[in-house]
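As a plain string of letters, each chain reads:
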Amino acid sequence: MIVMKFGGTSVQDAAAINQAVEIVAGKLDRSPVVVVSAMAGVTDALLLIARLAREHRFDDASPIIDQLRERHLTTARELLNKPAEHSFYQVAQGLQENLTELEGFARSVATLGELTPRTQDTIASFGERLSSALVASALQARGVSAELVDSREFIITNDRFTSAAPNFPETEARARYSLLPIIESGRVPVAQGFIGSTTEGATTTIGRGGSDYSAAIIGAAIGAEAIEIWTDVDGLMTADPRVVRDARRIRVISFAEASELSYFGAKVLHPSTVLPAVERAIPVHIFNTRNPECEGTLIVATPKRSLNVIKSIAFKRGVTIVNVASTRMLLAYGFLRTIFEVFDRHQTSVDVVTTSEVSVSLTLDNADQLEAIKRDLSGIGAVSIERDKAIVCVVGDNLKFTPGVAARLFKAIESTNVNMISQGASEINLTFVIEESEAERVVQSLHEEFFSEADSEVFA
Ligand code: ADP
Ligand code: ASP
Ligand code: MG
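Structure report, in brief. Not measured: the values here are computed from a predicted model.

How each quantity is defined
- Residues numbered from 1 in each chain as written.
- Chains lettered and ligands numbered in written order.
- Predicted model: local features only at pLDDT ≥ 70, side-chain atom pairs only at ≥ 80, totals over all residues.
- Heavy atoms only, no water.
- Near = heavy atom within 4 Å.
- Polar contact = N/O pair within 3.5 Å; in protein donor to acceptor, adjacent residues only side chain to side chain.
- Nonpolar A, V, L, I, M, F, W, Y, C, P; charged D, E, K, R; others polar.
- Core = buried A, V, L, I, M, F, W, Y, C linked by side-chain atoms within 4.5 Å.
- Buried < 20%, exposed > 50% of the residue type's maximum accessible area, 1.4 Å probe, protein only.
- Helix = DSSP H or I, 4+ residues; strand = E, 2+ residues; numbered from the N terminus.
- Domains from an automatic or database assignment.
- Areas by Shrake-Rupley, 256 points an atom, 1.4 Å probe, with all protein chains shown as cover.
- Pairing = 2+ DSSP bridges.
- Axes fitted to C-alpha atoms, helices over the stretch in contact; angles between N-to-C directions.
- Contact = heavy atoms within 4.5 Å.
- Phe/Tyr/Trp six-rings, centres within 6.5 Å; stacked < 30°, edge-to-face > 60°.
- Lys NZ or Arg CZ within 6 Å of the ring centre and 35° of its normal.

Moving on, we come to the site of ligand 2. Residues in close proximity to ligand 2 include Ser37, Ala38, Thr43, Glu128, Phe194, Arg208, Gly209, Gly210 and Ser211, which together make up its full environment. Ser37 places a side-chain nitrogen or oxygen 3.1 Å from an oxygen atom of ligand 2. Arg208 is positioned with one of its side-chain polar atoms (N or O) 2.7 Å from an oxygen atom of ligand 2. The class makeup of the residues in the shell around ligand 2 is two nonpolar, five polar and two charged.

This part is about the nonpolar core. The nonpolar side chains of a soluble globular protein tend to be buried with one another. Ranked by internal contacts, the top residues of the largest apolar core, which has 75 residues, are Ile218, Ile299, Val392 and Leu446. In terms of residue count, the dominant contributor to this core is helix 8 (residues 211-222) (eight residues). Domain assignment of the residues forming this core places at least three in each of domain 1 (2-232) and domain 2 (312-450). By size, the runner-up hydrophobic cluster in this structure holds 57 residues, among which are Met4, Ala45, Leu79 and Val190.

For the rest of this paragraph, the subject is the site of ligand 1. Taken together, 16 residues surround ligand 1, and among them Thr231, Asp232, Met237, Asp240 and Arg242 come closest. In this structure, an oxygen atom belonging to ligand 1 sits 2.8 Å away from a side-chain N or O atom of Arg242. The protein chains hide 89% of the 570 Å² of surface that ligand 1 would expose on its own. Residues that form the shell around ligand 1 fall into these classes: seven nonpolar, four polar and five charged.

The next thing to look at is the sheet that holds strand 10 (residues 297-300). The mixed open sheet is built from eight strands, whose spatial order is 3-4-2-1-7-9-10-8. Strands with a single pairing partner mark the edges of an open sheet, and in this sheet they are strand 3 (146-148) and strand 8 (252-254). Direction aside, neighbouring strands of the sheet carry axes that sit 25° apart on average. Alignment of strand 7 (residues 226-231) against strand 9 (residues 284-288), held across five bridges, turns out to be parallel. Bridged to Glu228 within strand 9 is His285. Against the sheet, helix 1 (residues 14-25) touches strand 1 (2-6), strand 2 (32-36), strand 4 (188-192) and strand 7, its axis set at about 170° to strand 1.

Taken as a whole and assessed by the stated rule, the structure comprises seven aromatic pairs. Consider the rings of Tyr263 and Phe264, whose centres lie 4.9 Å apart with planes at 80°: the pair is edge-to-face. With a centroid separation of 5.4 Å and an interplanar angle of 70°, the aromatic rings of Phe451 and Phe459 are classed as edge-to-face. Taking relative accessible area as the criterion, Phe451 reaches 4% and is therefore assigned buried. For Phe459, a relative accessible area of 1% puts it in the buried group. Through a chain of ring-to-ring contacts, three or more aromatic side chains come together here, namely Phe6, Trp230 and Phe287. Its guanidinium or amino end placed over the ring of Phe126, Arg129 lies 4.1 Å from that ring's centre, counting from NZ or CZ.

Here you go:
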């Protein structure tokens, strides 16, 4: 058994879906489970609909719903008009029902002018519900006996809507119960990424980009031999290829390296994805739907050592620094705990932390609760905020063994003002914070410094 996850661009239109279908059809002997994202841009559109509705602007939301209807129906028509007209009408009816339901939710939100996280998740769930219906029917039209399943029946989560955490034992039992009989009878389950439900049956989502995570959760639950993440790049690269044009593909990388990279901004993989895979030692592959011949990136527990000190450079924009200074910190214990309790209370996670005798600096990538956090922290010390920063992170197992990397790194970017520096306890990352406007240039300079020569056994 394998899990094959197709991201938004891999299902963005009929041509892309047909590509994905061919890829699945070529792997039937490995008993695939297919997991799909919403068509590219659809989750953003749904969240916009939700926001407009909350502002009582149903009239502005309604044309966006119409566009979604048009896009999905057109795709269905392009995918299904030839083989059996009947199947098109069936699928179209299913899509219409979903869209009518979506419209109903948008209307209720607009009437009340209130959007709870719970309702927002229900609205966001339609993207994957619509795309999975298209993919399942396209597979059927290609002669693959695919069966559309509802992930909400087996991805069981807590009720932290918009970033719900899965309950693994419950999910594992239910996923096996739902999926194994289908696989054993030679059919291909097609499931939605990103969505789940609480034990009470309320629809939840597991965070933006969460379909990768869904694939890993399902893979771990059914004991898959491999998890395949099909996306729009050849694999995990030495830097985001949109920023560094000559970024190289990494052939093999460790679970630890991959998770640090995704955590610090390499969007190609959701940061939690590798967790369920590590626990069961299931290899994760990243493949390109548009270039399926390419061997991609393989993520494993212990890859061969590379001659290069680092494997990749990630960065994340939109970071806020919070500084707390207090002489009370001098020789006092419990100070850090008091500070972290504030972030805990406001459900805000902290990425990078540095401390000195009298101050603590922390970075947040979600500043939604900033005002409340600031208020609470000002009881502890003097608080200052710096916005529009970026985190840059270089990652590689070899950082552990190679002296002088920091010197080389900061020499390569010596004209840049660095706000914070931190080396993770895992010793495989070196992370620093700079002005957001300088991030791209810094990543490019570092790429030149560290990858102008690359070990060809590890980098393609
Ligand atoms: P999907 O919709 O398939 O989940 P995403 O857009 O979430 O795809 O992730 C793929 C994108 O991640 C690529 O198009 C690329 O621009 C970006 N990316 C950022 N950093 C990296 C990296 N180090 N290697 C590969 N891709 C990266
Ligand atoms: N559709 C969701 C998103 O855009 C999940 C995903 O694509 O992974 O965030
Ligand atoms: Mg993604």
